[in-house]
Amino acid sequence: MAENNLNTLFDFIDRAQKDRKYLPNVATNFRTPLRLIEKELSDEEKNSINLMKSHLEEIFHVIYAKTSNTLSASSLEVYKKRILQLIGDFEKYGQDSSTMASWDRKISARRPK
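Residues numbered from 1 in each chain as written. Predicted model: local features only at pLDDT ≥ 70, side-chain atom pairs only at ≥ 80, totals over all residues. Heavy atoms only, no water.

Things to note about the overall build of the protein
So, point 1. If you tally the helices and strands in the protein, you get 7 helices and 0 strands.
So, point 2. For the protein, the sequential pattern of α-helices and β-strands runs α-α-α-α-α-α-α.
So, point 3. A globule of 113 residues ought to have a C-alpha radius of gyration of about 13 Å, and the protein, at 15 Å, matches this closely.
So, point 4. By the burial criterion, 35% of the 113 residues in the protein qualify as buried.
So, point 5. The long-range share in the protein, meaning contacts at least 24 apart out of those at least 6 apart in sequence, stands at 63%.
So, point 6. If you sum the accessible surface of the protein, you get close to 7,400 Å²; carbon and sulfur atoms cover 49% of it.
So, point 7. On the protein, the mean spot of the 19 positive side-chain charges and the mean spot of the 16 negative ones are 11 Å from each other. (Helix = DSSP H or I, 4+ residues; strand = E, 2+ residues; numbered from the N terminus. Rg over C-alpha atoms; globule rule 2.2 N^0.38 Å. Buried < 20%, exposed > 50% of the residue type's maximum accessible area, 1.4 Å probe, protein only. Contact = heavy atoms within 4.5 Å. Areas by Shrake-Rupley, 256 points an atom, 1.4 Å probe, with all protein chains shown as cover. Lys, Arg positive; Asp, Glu negative; His and termini not counted. Charge placed at Lys NZ, Arg CZ, Asp CG, Glu CD.)

Observations concerning unusual backbone geometry
So, point 1. Notably, Arg20 is not glycine yet its phi reads approximately 60 degrees, a positive angle.
So, point 2. With relative accessibility at 68%, the residue Arg20 sits in the exposed group.

Examining the packing of aromatic side chains
So, point 1. Summed over the entire model, instances satisfying the criterion amount to 6 aromatic pairs.
So, point 2. Between Phe12 and Tyr22, the ring centres sit 6.0 Å apart and the planes meet at 90 degrees, which makes this aromatic pair edge-to-face. Placement of the pair is Phe12 in helix α1 (residues 6-18) and Tyr22 in the loop between α1 and α2 (24-38), with a sequence separation of 10 residues.
So, point 3. Note on Tyr93 and Trp103: the rings are 4.4 Å apart at their centroids and 10 degrees apart in plane angle, and the pair reads as stacked. Separated by 10 residues along the polypeptide, Tyr93 in helix α6 (residues 73-94) and Trp103 in the segment after α7 (97-102) bring together distant segments of the chain.
So, point 4. A relative accessible area of 17% places Tyr93 in the buried class.
So, point 5. An aromatic cluster of at least three residues, connected via ring pairs, comprises Phe12, Tyr22, Phe30, Phe90, Tyr93 and Trp103. (Phe/Tyr/Trp six-rings, centres within 6.5 Å; stacked < 30°, edge-to-face > 60°.)

Next comes the structure, spelled out in structure tokens:
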């Protein structure tokens with residue numbers, strides 16, 4: 001089994017986009033918050049998805065304290081939910097190529113107003 005670190009999540013996003021599980025804008029929506037928290041992660045958190053996940057609340061408190069004049073609390077909450085969704089997808093589909101191949105992700109298109 002491959003190491004489960006921060007780079008593994010970036011690789012998973014790339015693979016999911018290439019396999020058309022994530023549309024390009026969805027992949028970007030997952031990469032953005034990962035890049036935001038990357039600066040705040042300790043080496044141990046960067047090397048363990050489980051540790052990063054367990055410290056996510058505290059990590060976002062630190063980010064909010066540093067960026068409250070540019071990012072709202074609601075934006076950071078959306079970012080946190082996206083990271084949790086990404087980790088959930090990774091845990092379910094990203095650790096075994098056969099589960100990735102059988103992943104039938106529903107892609108919903110927005111209807112024009």
